[in-house]
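The chain contents come next:
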Amino acid sequence: MSEQAFFLYDLHLRTSPRQGMDDLVRKAADAGFRSFGVVGNVAPWGIKNDEDLRRFTDEVKDYPCLMGLRPAEPDWSANLSAELVGQVDYVLMAPQYMPDGNRYGDRMEVWDHNCYVDDPEDFMRRHMAWYLRILEGDGPLDILSWPLFLPLSLQREYDALWTRERQETLIEAARRRGVAIEINDLAHTPHAEFILMAKQAGLKFTFGSDTCDHRSFRLDYCKRVASLCGLTEADLFLPGRKPRG
């Protein structure tokens, strides 16, 4: 990717004991990023109520960056005040925590190498239904994260399972909702064919390293596939609010 094609930014960053806000600001400046976004997980292990959300916004709001939320469930905003949710710049969601993901009723963590799939086609039927529940829900949603990722046990069947019809179904659902597609550097998804199909449909894209450690801001896969697909600034989604600080 030519650096003149568009500016670099990373909307999928998190803080951790290994990487605080001051570290992110310094690393963004060193890497030449014009903007970046920090997300808080809305989940049982993260933001569960207004107190948790206020703690997150207080941590981020005085820094020169954007602020986002990453919910694990489509009905994530039910226990949060609209006023506090309105303080964030964007919401991204990944279909990575999937209830009733197989015929055993397991709640799947799709990214985990132990994710158990008993029947690939049955899994894809459930997975597509979960995608559509996310994309067609009522809660705020700006970015679909980790698109087209499959469990490790299904990687050999990837192309057969992610049929063109299924890809087109997701693209159309995202188009109707006005949702951007994340190019995820950690997962190396989605592939160039999907990006070109989504671009043809008028969808926008974001970049995300999805990290909270030394790998933040690398974006090597994002830059490579964006160059291959000829993306320009006109193809990118950036929340309208200017970075704080």
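Note: the structure precedes this text.
Residues numbered from 1 in each chain as written. Predicted model: local features only at pLDDT ≥ 70, side-chain atom pairs only at ≥ 80, totals over all residues. Heavy atoms only, no water.

Q: Explain the pattern of salt bridges to me, please; I cannot follow it from the model alone.
A: For the structure shown, the criterion picks out 23 salt bridges. In this structure, Arg55 engages Glu51 in a salt bridge whose closest nitrogen and oxygen atoms are separated by 3.3 Å. With a gap of four residues between them, Arg55 and Glu51 both fall in helix H2 (residues 50–60), about one helical turn apart. Look at Glu51 and you get exposed, because its relative accessible area is 52%. A salt bridge links Arg126 to Asp122; its shortest N-O distance comes to 2.8 Å. Note that Arg126 and Asp122 are positioned in helix H4 (residues 120–135) at a spacing of four residues, about one turn of the helix. An identical accessibility class is assigned to Arg126 and Asp122; each is buried. (Salt bridge = Lys/Arg side-chain N within 4 Å of Asp/Glu carboxyl O. Helix = DSSP H or I, 4+ residues; strand = E, 2+ residues; numbered from the N terminus. Buried < 20%, exposed > 50% of the residue type's maximum accessible area, 1.4 Å probe, protein only.)

Q: Help me out: how do you make sense of the packing of aromatic side chains in this one?
A: Given two aromatic rings, their pairing is described by the distance between the two centres and the angle made by the two planes. In the structure shown here, the tally under the stated rule is eight aromatic pairs. Seen in terms of ring centroids, Tyr97 and Trp111 are 6.5 Å apart; in terms of plane orientation they differ by 75°. Their pairing is edge-to-face. Of this pair, Tyr97 sits in strand E5 (residues 97–98) while Trp111 sits in the loop between strand E6 (108–109) and H4, placing them 14 residues apart in sequence. Judged by relative accessible area, Tyr97 falls into the buried class, the value being 13%. Overall, Trp111 belongs to the partly exposed group, its relative accessible area being 39%. Counting every residue linked through ring pairs, the aromatic cluster contains Phe33, Phe36 and Phe217. (Phe/Tyr/Trp six-rings, centres within 6.5 Å; stacked < 30°, edge-to-face > 60°.)

Q: Looking at this structure, I do not really get the packing of H4 against helix H6 (residues 164–177). What am I missing?
A: For any two helices packed against each other, the geometry comes down to the angle between their axes and how far apart the axes lie. Running from N to C, H4 and H6 cross one another at 10°; their axes reach a closest spacing of 10 Å. The orientation of H4 with respect to H6, classified from their angle, is roughly parallel. Contact residues: Glu121, Met124, Met128, Tyr131, Leu132, Ile134 and Leu135 in H4; Arg166, Thr169, Leu170, Ala173, Ala174 and Arg177 in H6. (Axes fitted to C-alpha atoms, helices over the stretch in contact; angles between N-to-C directions. Parallel < 35°, antiparallel > 145°, perpendicular 65-115°, else oblique. Contact = heavy atoms within 4.5 Å.)

Q: Explain the pairing of strand E2 (residues 35–42) here, please?
A: Looking down a regular strand, the side chains alternate between one sheet face and the other. For E2, the buried fraction is high: seven of the eight residues fall into the buried class. Two strands pair when backbone bridges link them, and strand E1 (residues 9–13) and E2 are joined in this way by three bridges, in the parallel orientation. Looking across to E2, one finds that Tyr9 is bridged to Ser35. For the crossover from E1 across helix H1 (residues 21–31) to E2, the handedness is right-handed. What joins E2 to strand E3 (residues 66–71) is H2, and the crossover it makes is right-handed. (Pairing = 2+ DSSP bridges. Right-handed = clockwise from strand over helix to strand, strands pointing away.)

Q: Just checking my understanding: could you explain empty space enclosed by the protein for this structure?
A: Rolled over the atoms, a probe with the dimensions of a water molecule shows which regions are left empty. Summed over all chains, the structure comprises one cavity of 30 Å³ or more. The calculated volume of the largest cavity comes to roughly 50 Å³. Pro74, Trp76, Met93, Ile134, Gly137, Asp138, Gly139, Pro140, Leu141 and Arg177 together form the lining of the largest cavity. Split by residue class, the lining of the largest cavity holds six nonpolar, two polar and two charged. (1 Å grid on protein atoms, 1.4 Å probe; cavity = no way out; pocket = protein on both sides within 12 Å on 5 of 7 lines; lining within 4 Å. Points joined across faces, edges and corners; volume = space filled by probe spheres on them. Nonpolar A, V, L, I, M, F, W, Y, C, P; charged D, E, K, R; others polar.)

Q: Can you walk me through the environment of Gly20 in this structure?
A: When you line up the elements, Gly20 lands in the loop between E1 and H1. Its relative accessible area of 23% is what places Gly20 among the partly exposed residues. Separated by 79 residues in the primary sequence, Gly20 and Pro99 have C-alpha atoms spaced 32 Å apart.

Q: Would you mind going over the side chain of Ser216 with me for this structure?
A: Among the secondary structure elements, Ser216 is positioned in the loop between strand E9 (205–208) and helix H8 (220–228). For Ser216, the side chain forms a polar contact with the main-chain oxygen of Asp213, separated by 3.0 Å. If we skip the residues at most four places from it in the chain, Ser216 touches Leu13, Gln19, Leu24, Lys27, Ser209 and Thr211. (Polar contact = N/O pair within 3.5 Å; in protein donor to acceptor, adjacent residues only side chain to side chain.)

Q: In this structure, what is going on with the layout of surface pockets? I would like to understand it.
A: Within this model, the largest pocket holds a volume of roughly 330 Å³. In this structure, the largest pocket is lined by 17 residues; those nearest its centre are Arg14, Arg70, Tyr97, Trp111 and Asp210. Among the residues forming the lining of the largest pocket, the class breakdown is nine nonpolar, two polar and six charged. Counted as a void, the second largest pocket has a volume near 260 Å³. Classifying every residue of the lining of the second largest pocket gives five nonpolar, four polar and five charged.

In short, shape yes, function no, at least from these values alone.
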